[in-house]
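Chain and residue survey
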Number of protein chains: 2
Amino acid sequence: MLSTLKRFLIGRPLKSTALGEQKLNKTKALAILSSDALSSVAYGPEQILVVLITVSAAAIWYSIPIAIGVLILLTALILSYRQIIFAYPHGGGAYVVSKENLGIYPGLIAGGSLLVDYILTVAVSVSAGTDAITSAFPGLHPYNVAIAIVFVLFITTLNLRGVTESASILAYPVYLFVFALFILIGVGIYNIVTGDIPSELHTPIGTPVAGISLFLLLRAFASGSSALTGVEAISNAIPNFKAPAPNNAAKTLLAMGSLLALLFSGIVCLAYYYGIVPRADVTVVSQIAEQTFGRNFMYFFIQGTTALILILAANTGYSAFPLLAVNLAKDRFIPRMFTIRGDRLGYSNGIINLGVFSIILIIAFKGKTEHLIPLYAVGVFIPFSLSQTGMVVKWIREKPNGWVSKLIINTLGALISFIVCMMFFLTKFSQVWSVLIFLPLIIFLFHRIKNHYTAVGNQLGITTCEAALPIEGNVMILPVAGITHVVENSLNYAKSLSPFQIIAVYVHFEREDEAVFEEKWRKWQPDVRLVTLLSPYRSIINPLSKFIDTVQRKASESNYQVTVIIPQFIPKKGWHNILHNQSSLLIRAHLLYRRNVIITTVPFHLRE
Amino acid sequence: MLSTLKRFLIGRPLKSTALGEQKLNKTKALAILSSDALSSVAYGPEQILVVLITVSAAAIWYSIPIAIGVLILLTALILSYRQIIFAYPHGGGAYVVSKENLGIYPGLIAGGSLLVDYILTVAVSVSAGTDAITSAFPGLHPYNVAIAIVFVLFITTLNLRGVTESASILAYPVYLFVFALFILIGVGIYNIVTGDIPSELHTPIGTPVAGISLFLLLRAFASGSSALTGVEAISNAIPNFKAPAPNNAAKTLLAMGSLLALLFSGIVCLAYYYGIVPRADVTVVSQIAEQTFGRNFMYFFIQGTTALILILAANTGYSAFPLLAVNLAKDRFIPRMFTIRGDRLGYSNGIINLGVFSIILIIAFKGKTEHLIPLYAVGVFIPFSLSQTGMVVKWIREKPNGWVSKLIINTLGALISFIVCMMFFLTKFSQVWSVLIFLPLIIFLFHRIKNHYTAVGNQLGITTCEAALPIEGNVMILPVAGITHVVENSLNYAKSLSPFQIIAVYVHFEREDEAVFEEKWRKWQPDVRLVTLLSPYRSIINPLSKFIDTVQRKASESNYQVTVIIPQFIPKKGWHNILHNQSSLLIRAHLLYRRNVIITTVPFHLRE
């Protein structure tokens, strides 16, 4: 039944040979790889306002200079990543770049933050998408968390079915979103220029504001830079581009940067001129759209495409996380199961883990986007800084043609990313401190896992030439609970193997049982040796273990191997299992994990 | 670690021989066996008032005639149970009496309701005890459910340690409670007689009340009869009395009946004269105590002993449930595990199940005593009716000396119990309808379980003389994942058994792997046959199962037995298991349950 449900949800298994690759042209690539970055404008500008409004509505004008700062940061990042594209044409994820240039630990820090970050990508994007929906339909607001979880489950299922990044259908919502926002910004600017918007709505730029501080401005800047999350996506996906891949990727990156800059500036400007004040239950974009168009078709079109692109952005998490997990698992820093392709050829374990963890995050943060974003941004800017620093080291080490200008660009990128990072820690410590605990913990875990795999490899490798001891003979121990067909069955099996000794063991709780059973046994199987053990504490496992230890001590002296034969009857229906004492399972688990004996299970299938 | 915790909580295991029996004298027996019944006066009178107050405060005077009705019912029950005591000196539980006289299904109905009922005993008593505490300390009121759960866990742990019914310490709270209530009633009556209580507090008896109906009065009567729950306890425990057991038990029953009658009448009268109106957060007994003494020592003494006796009453559930479960399990109507004595000689599975289910009930009903009581009362009066009817049938069938008067008494008991039952269904259907669903479900389950055990018995019994087929030879199949010490180990073992054929099976996902591995294998183990299976869908189990099916078909033609040898490496630490694909476990489970093959697990213990 479970497997039928699975088939229904994710479809029939696919053959390994079906694993093809479709190359992306620039238009599609721009759409698919930039949904994460572009969708950030749906919450980035709002984050600036949320900080400024804590002073007063008059402080809102500071959003303009802060936005300019964010645009400068964006330019630096785009230029730096352009260089990474050419330097790592096979995909320059922060993990790879940091590991190669800075060493294993910086690589693990980058990898660890990215792993967490992709989970946050999903949580933030889905939460923000849900916000866009509940802004349009305020009646749904109390169900924010539930709606977000349904979306995550939906995207997880889609990815288990195998949505490839190249599915063209995913491209439409991105262009629709860009189109919708351009209309919004265009109409908005037209309204402002024609003077439809009363100028008393906004405080003129430069008005002195009481209570503003550098700390607060830095904090607003850091918050605003969360609009830049996702710009690294293109540099990770270069192999998916049509040839010449690096050139096409670089062009796509520039196009994305320009779009992002335009949309971001547009939203910030409109919010400023309209005098928008952030509200808990209606997003800033929703307020702008409502003031521009009223609640008509265009309003719902904008909210709809915003929700769509945000949910698509979550999907980029689903493309990136499993691939990073495969890389980490191949390097043996996380469990091997992440390298296994599921029925539909996706890395199902990565997909499922991502879904589960992002649902946990959504529940833990009650779907509140503004609480998730600082963590998300820190998680992005740590690997940003590390990969840029890695590039700096690379240029210094390799000194290719024109390396000085390259060095300057990456140094700038590294510096700005690092500063943004620090700003988060300085100005939003109460929201991001957990990174300082989780990151070392993750690195420690990576380390432990790696050690374990190395140790296992050393022990299993046949190269160690430790010849296994030859087995001179076998002793079979058969625990019996009565005289039944189940026991008969196992006994027959034991007798069919040779050369061997068979010892039947009967554990009894009351002294009177002993003689009775021995008598019965002698009549039934006179040629099989029976040992009876009294168990005053009514445990079967303890006396049995002790007996096996004794036998094993003797057996090992002459290189005999001890096998415990466990008769087990298998009921026809699963629920019948609770009707039977699961002694065989307990005995098996206990002996297998604690003692060095071989366990043979002889099933007896019940017919009804 | 888990087992250390277990030792700490429930103590060292006890030897079976430590199972002794202590006989009870009348004083102790009265205390221990009547806590359930006597504690009912803590909530019984309140239930009457809760129904009457729905009309008006003036209707409260009806509590007096209703209480008289309850006393008549009590008398009938005590007389009936007195006869059961003499007729079933070995313990006349409703299950036994109904089963013997009315047949198996009435017996199962009685047994099923009692099982549920004991769970309700625990839930109701603990909830009511918690109410007594939170009435005294209103600040604790919001934590009602949590406190109740802690009590259940505490009692469960105590019973797992093994509180025997005879522990004398349990006798004190009962007598303290009786003592406290007598003082309360005495002082209350003194106050009334001396005219300290203004008479305008209560409406005179006989005042006409608008809106009163027969339906409502019946409902109040049914509710009040919940004060009689627990009177059956003595008749179930006759073997625990000192000789002459039946006589002593009968005397104890009469004493308990008298005490119950006195306390019940006293509380009802005081509540009436004081004009007590039931409140959600303060119990009626607490209100009476507060009005009589104020919030001084006596008040807290009464609340304390009430809470204590209620929690002791829960303990009677823990004595009765596991014993009934043993009886049902011996008759094979519920899983066999209920017959197993735990480390401390108690029937741990019964105790744990009782604890878990009563916690579920407390949470489901949010610890609201008044919602649990109707279910509880129905659960009590169904077996009451059945066992009395059983006695009626017994008298008619056996016709002993003086059977006519015995017949009349039990007929009366059966009738009244049946009428009370019906009243619950008629007047409180919305609260007790679930009984009509659960009871048939439980009976159905009993039936299915019995059938299964009978079928298993028939298949296992060696008496069927179906000689097992002799095994002519063995085929060993060894799935291998690579060339490692783990495989070498298993191979050595397989080679040590003979006569046999060994087939190593290698499942690969990509066609290129095949030749490479075959080549390696040929160099390593030239004398062991290797079969390679391509798995285009990346499943190991499916191709392996198919291969095994083929081998088995051939093998069974010549009575060969197929054994699958599964190499499994056992990491040193439990958490390491998630670092390895648990293929061996999956393969084993799949083959064992779906195919008729023998599974041998060869462990390879990792040293680090």
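Residues numbered from 1 in each chain as written. Chains lettered and ligands numbered in written order. Predicted model: local features only at pLDDT ≥ 70, side-chain atom pairs only at ≥ 80, totals over all residues. Heavy atoms only, no water.

1. Thoughts on the packing of helix H4 (residues 44-52) of chain A against helix H12 (residues 245-274) of chain A
Residue and element names in this part refer to chain A. We count it as follows: Here an axis means a line fitted to C-alpha atoms, over the contact stretch when the element is a helix, while the angle between two N-to-C directions is reported on a 0 to 180 degree scale. Secondary structure elements follow DSSP: runs of H or I of four or more residues count as helices, runs of E of two or more count as strands, with numbering from the N terminus. Orientation labels follow simple angle bins: below 35 degrees gives roughly parallel, above 145 gives roughly antiparallel, 65 to 115 gives roughly perpendicular, and whatever is left gives oblique. Crossing handedness is read from the near helix: turned anticlockwise from the far helix by less than a right angle, it gives a left-handed crossing, and turned clockwise, a right-handed one. Should any heavy atoms of two residues lie within 4.5 Å, those residues are considered in contact.
Viewed as axis vectors pointing N to C, H4 and H12 meet at an angle of 40 degrees, and their least axial separation amounts to 9 Å. Taken together, the axis directions place H4 and H12 in an arrangement best described as oblique. Every pair of crossing elements has a handedness; the one defined by H4 and H12 is right-handed. From H4, Gly44, Pro45, Ile48 and Leu49 reach across to H12, where they touch Phe264, Ile267, Val268 and Ala271.

2. Overview of the pairing of strand E5 (residues 598-605) of chain B
Taken residue by residue, a regular strand's side chains alternate between the two faces of the sheet. For clarity, the threshold we go by: When accessible area is computed with a 1.4 Å probe and restricted to protein chains, residues below 20% of their type maximum are described as buried, those above 50% as exposed, and intermediate ones as partly exposed. Paired strands are those between which DSSP finds at least two bridges.
Burial within E5 of chain B is extensive, with 7 of its 8 residues counted as buried. Taken together, the 3 bridges between strand E5 (residues 598-605) of chain A and E5 of chain B define a ladder with antiparallel strand orientation. Each residue of the ladder has a partner; that of Thr601 of chain A, found in E5 of chain B, is Ile599 of chain B. Here strand E4 (residues 560-570) of chain B runs beside E5 of chain B; their pairing, made up of 8 bridges, is parallel. Along E5 of chain B, the bridge assignment pairs Ile566 of chain B with Thr601 of chain B.

3. Let's talk about the packing of helix H4 (residues 63-87) of chain B against helix H9 (residues 214-224) of chain B
Residues and elements named next belong to chain B. For the record, the criterion: Throughout this entry, Asp, Glu, Lys and Arg are counted as charged residues, while Ala, Val, Leu, Ile, Met, Phe, Trp, Tyr, Cys and Pro are counted as nonpolar. The remaining residues, Gly among them, count as polar.
Close contact between H4 and H9 brings their axes to 9 Å; oriented N to C, the two are set at 50 degrees. It follows that H4 is oblique to H9 by the angle criterion. With respect to the hand of their crossing, H4 and H9 are arranged in right-handed fashion. Contacts between H4 and H9 involve Ile66, Gly69, Val70 and Leu73 from the first element and Leu217, Ala220, Phe221 and Gly224 from the second. Partitioning the contact of H4 with H9 into residue classes produces 6 nonpolar, 2 polar and no charged.

4. A short note on the interface of chain B and chain A
As a reminder of what qualifies: Two parts placed together each lose some accessible area under a 1.4 Å probe, and adding up what both lose gives the buried area. For salt bridges, the criterion is a side-chain nitrogen of Lys or Arg within 4 Å of an Asp or Glu carboxyl oxygen. Here a polar contact means two N or O atoms within 3.5 Å. Within protein one must be a hydrogen donor candidate and the other an acceptor candidate, and residues neighboring in sequence count only if both atoms are side-chain atoms.
Across the contact, 77 residues belong to chain B and 78 residues belong to chain A. In total, chain B and chain A occlude about 6,900 Å² of area from one another, counting both sides; carbon and sulfur atoms represent 56% of this. If you look at where chain B meets chain A, you find 0 salt bridges. Between the two partners, chain B and chain A, sit 11 residue pairs in polar contact (both at pLDDT 80 or more). For the side of chain B that touches chain A, the secondary-structure elements that each account for two or more residues are helix H17 (429-460), strand E1 (473-480), helix H18 (485-496), E4, helix H21 (583-594) and E5 of chain B. Its residues assigned to classes, the side of chain B that touches chain A comprises 40 nonpolar, 22 polar and 15 charged.

5. So, the confidence of the model for chain A
Residues and elements named next belong to chain A. Our working definition: Residue-level confidence of the predictor, termed pLDDT, takes values from 0 up to 100.
Per-residue pLDDT for chain A has a mean of 85; in total, 95% of the residues score no lower than 70. Ranking the helices and strands of chain A by mean pLDDT puts H12 first, with 92, and helix H1 (residues 2-10) last, with 71. Two summary scores accompany this predicted model of the complex, namely pTM at 0.73 and ipTM at 0.75.

6. Some words on the relation of the copies chain B and chain A
Using the following cut-off: In this comparison the copies share one frame, found by least squares on the C-alpha atoms of residues holding pLDDT of at least 70 in both.
Its rotation angle being 180 degrees, the transformation that places chain B on chain A also includes 0.0 Å of axial translation and leaves an RMSD of 0.1 Å. The superposition of one copy onto the other is thereby described by a two-fold rotation axis. In terms of proximity to the rotation axis, the leading residue of chain B is Thr600 of chain B, whose C-alpha is 2.0 Å off the axis. Here 100% of the interface residues in chain B have copies in chain A that are interface residues too; the copies meet face to matching face.

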